[in-house]
Amino acid sequence: MPPLDARLQAGLPHLPGVSTPTEVGRARRRGLHWVKAFPASSLGPSWIRAVRAPFPHLRVVATGGLDLRNASAFLEAGARVVALGSALGDPAQLDRLVGLLPGEPG
């Protein structure tokens, strides 16, 4: 049994990395609703919009090269989640990134 099938049968979560519509279609045929767009900064927000057109129920996690300058564009394009790595270690960005969170306190 292929490793993905074994993980799915065991009920383990799986977040496949995708960068082409073919990979998205393969994930959807396996019953997966969430995918990781990687590297998001290279794919761009327009990729999120384009791939969600034929897959409107797809839930996308954008990751790879995201920071304060581009994270909101990915959310506006339809990404459900943006994953920030090095941006979280930058004190100049950290306080301003809080503004991207839904239900911002205050």
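As a reminder, the structure under discussion sits directly above these lines.
Basis of the calculations
- Residue positions are given per chain, counting from 1 as you read along its sequence in written order.
- Residues qualify for local features only when their pLDDT is at least 70, as the model is predicted, and side-chain atom pairs are given and counted only at 80 or more; totals for whole chains, interfaces and linings, by contrast, use all residues.
- Hydrogen atoms and water are omitted, and side-chain values are computed over all heavy atoms in the structure.
- Nonpolar cores are built from buried Ala, Val, Leu, Ile, Met, Phe, Trp, Tyr and Cys residues. Side-chain atoms within 4.5 Å join them into one set.
- Only protein chains enter the area calculation, which uses a 1.4 Å probe; residues under 20% of their type maximum are buried, those over 50% are exposed, and those in between are partly exposed.
- In this text, helices come from DSSP runs of H or I with a minimum length of four residues, and strands from runs of E with a minimum of two, each type numbered from the N-terminal end.
- Should any heavy atoms of two residues lie within 4.5 Å, those residues are considered in contact.
- By definition, the arc is the one covered by directions from the helix axis to the C-beta atoms.
- Pairs of strands are assigned from DSSP output, requiring at least two bridges between the strands.

Undergrad: What am I meant to see in the nonpolar core here?
TA: Proteins that are soluble and globular tend to have nonpolar side chains buried together. Grouped together as the largest cluster of nonpolar side chains are 24 residues, with contacts concentrated most on Trp47, Ile48, Ala62, Leu66 and Phe74. Within the residue set of this core, elements represented by two or more residues are helix H2 (21-29), strand E2 (34-37), helix H3 (40-43), helix H4 (45-52), strand E3 (59-63) and helix H5 (71-76). No other element matches the three residues that H4 contributes to this core. If we ignore the near neighbours within four places in the chain, the residues touching leucine 66 are Ala40, Ser41, Phe74, Val82, Ala83, Leu84 and Ala87.

Undergrad: Which parts of the structure should I look at to understand the environment of valine 60?
TA: Note on placement: valine 60 falls in strand E3. Among the residues examined, valine 60 registers a relative accessible area of 0% and is labelled buried. Placed 16 residues apart in sequence, valine 60 and glycine 44 show a C-alpha to C-alpha distance of 13 Å. Apart from the residues lying within four places of it in its own chain, the contact partners of valine 60 are Val35, Ala37, Ile48, Arg52, Ala79, Arg80 and Val81.

Undergrad: Looking at this structure, I do not really get H4. What am I missing?
TA: Helical geometry: 3.6 residues make up each α-helical turn, so side chains three or four residues apart lie on a common side. Buried within H4 we find Trp47, Ile48 and Val51. Projected onto a plane normal to the axis of H4, the buried residues spread over an arc of 105 degrees and lie on a single side. Packing partners of the buried residues in H4 comprise strand E1 (17-18), H2, E2, H3, E3 and H5.

Undergrad: Help me out: how do you make sense of the pairing of E2 in this one?
TA: The side chains of a regular strand alternate, first on one face of the sheet and then on the other. Residues Val35 and Ala37 line the buried face of E2, whereas the alternating positions Trp34 and Lys36 sit on a face that is not buried. Two elements, E1 and E2, share two bridges in a ladder whose sense is parallel. From the neighbouring strand, valine 18 faces E2, where its bridge partner is alanine 37. In terms of strand pairing, E2 meets E3 through four bridges, oriented parallel. By the bridge assignment, valine 35 is partnered in E3 with valine 60.

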